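This is what each chain is made of:
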Amino acid sequence: MINREVTINNQVGLHARPATFFIQKANEFKSTIWVEKDDRRVNAKSLLGVLSLGIVKGTTISIIADGVDETEAVDTLTDLIDREFVE
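Report follows, based on the coordinates.

**So, the sheet that holds strand 3 (residues 40–43)**
- Reading across the sheet, the 4 strands line up as 1-4-2-3 and stay open at both edges, with antiparallel pairing between neighbours. Each having just a single partner strand, strand 1 (2–7) and strand 3 make up the two edges of the open sheet. Put simply, the sheet's adjacent strands are angled 25° from each other on average, direction ignored.
- Pairing of strand 1 with strand 4 (residues 60–66) involves 6 bridges; the strand directions are antiparallel. Directly across from Thr 7, in strand 4, lies its bridge partner Thr 60.
- Along the sheet, helix 3 (residues 70–82) contacts strand 1, strand 2 (32–37) and strand 4; its crossing angle with strand 1, the most-contacted strand, is approximately 0°.

The rules we used
Residues numbered from 1 in each chain as written. Predicted model: local features only at pLDDT ≥ 70, side-chain atom pairs only at ≥ 80, totals over all residues. Heavy atoms only, no water. Pairing = 2+ DSSP bridges. Helix = DSSP H or I, 4+ residues; strand = E, 2+ residues; numbered from the N terminus. Axes fitted to C-alpha atoms, helices over the stretch in contact; angles between N-to-C directions. Contact = heavy atoms within 4.5 Å.

Here it is as structure tokens:
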């Protein structure tokens, strides 16, 4: 299991279009992936779950992955966030 904290820096946070990009990328991996904010943990492959966290610009979240491609999953999702969801 891998756990990495990352801060959301894009203007709108993890809502609408950025959340869709994030979830599409998460679904490319076999590992179970979660997003954690404060004391809430949701499935990173669920749009409703991710949106329910209300992640805005400046929020620090944890990306947690467990499975065969966990390292690649966390690295890829962290990179997507660092690039502010620009492919």
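Here the narrative resumes, following the displayed structure.
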